[in-house]
Amino acid sequence: MPESRDLRRPLEQELISRGVRMTHQRRLLIQIIQGADSHLDALALWQRARRQDPTLNKVTVYRTLAMLKKYGLVDELDLMHLEGGRHYYEARTTRDHIHLACIKCGRIQEFESSLFEKLKGQIERERRFSIKVVRVEAGGFCDRCKP
Ligand SMILES: [Zn+2]
Ligand SMILES: [Zn+2]
């Protein structure tokens, strides 16, 4: 369950402010991504959207995801490739988080820490590198699966 959900930027407003034309289907997809309680891949997103609009085409899902990526509004994650080559999408938050992927049950937890923010600051200072995207994933056993 992403604890960072409340920190998500309102995607629809972000798109409108960039001059993107909002269609009914785009709005539906964006609402699902914004409100998702788990990390969705394109197929899961399509399945959820089709429950509300059976005419929604898979191509629309890919196009909308590509557009959100282009504007830097979603992160694309592979989550340790637990499910093969699937990619997951989540709305970018104002604070970055680390993903903890359980290699046994597949549960994904999110972890935020001020140390992570400090580390990013240190990288930016020491390497004079301006970080735009940062992804950290840890694979292991969650508290329920720990042997
Ligand atoms: Zn587990
Ligand atoms: Zn996440």
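For the structure itself, look to the data block above.
Because the structure is a prediction, the values reported are computed rather than measured.

**Brief notes about the coordination of the zinc ion (ligand 2)**
Line of reasoning, step 1. Protein ligation of the zinc ion (ligand 2) involves His39 (NE2), Glu90 (OE), Glu90 (OE), His97 (NE2), His99 (NE2) and Glu110 (OE), the donor distances falling in the range 1.9 to 2.5 Å.
Line of reasoning, step 2. Considering all 6 donor atoms around the zinc ion (ligand 2), angles at the metal cover 54 to 172° and the coordination shape is irregular.
Line of reasoning, step 3. Sequence positions of the residues that donate to the zinc ion (ligand 2) give the spacing H-x50-E-x6-H-x1-H-x10-E. Within this pair, whereas Glu90 is found in strand β3 (residues 88–91), its partner Glu110 is found in strand β5 (residues 108–111), the two being separated by 20 residues in sequence. An identical accessibility class is assigned to Glu90 and Glu110; each is buried.

**Focus on the layout of surface pockets**
Line of reasoning, step 1. Of the pockets and cavities examined, the largest pocket occupies roughly 160 Å³.
Line of reasoning, step 2. Taken together, His39, Leu40, Asp41, Ala44, Arg48, Leu79, Leu82, Glu83, Arg86, Tyr88, Gly106 and Ile108 form the lining of the largest pocket.
Line of reasoning, step 3. Within the residue set of the lining of the largest pocket, elements represented by two or more residues are β1 (40–41) and α3 (42–52).
Line of reasoning, step 4. Among the residues forming the lining of the largest pocket, the class breakdown is 6 nonpolar, 2 polar and 4 charged.

What counts and how
Residues numbered from 1 in each chain as written. Chains lettered and ligands numbered in written order. Predicted model: local features only at pLDDT ≥ 70, side-chain atom pairs only at ≥ 80, totals over all residues. Heavy atoms only, no water. Donors = N, O, S within 2.8 Å, 3.2 Å for Na, K, Ca; no water. Tetrahedral: all angles 85-135°; square planar, octahedral: opposite > 155°, others 65-115°. Helix = DSSP H or I, 4+ residues; strand = E, 2+ residues; numbered from the N terminus. Buried < 20%, exposed > 50% of the residue type's maximum accessible area, 1.4 Å probe, protein only. 1 Å grid on protein atoms, 1.4 Å probe; cavity = no way out; pocket = protein on both sides within 12 Å on 5 of 7 lines; lining within 4 Å. Points joined across faces, edges and corners; volume = space filled by probe spheres on them. Nonpolar A, V, L, I, M, F, W, Y, C, P; charged D, E, K, R; others polar.

Fair warning: the whole summary comes from geometry, so function is off the table for now.
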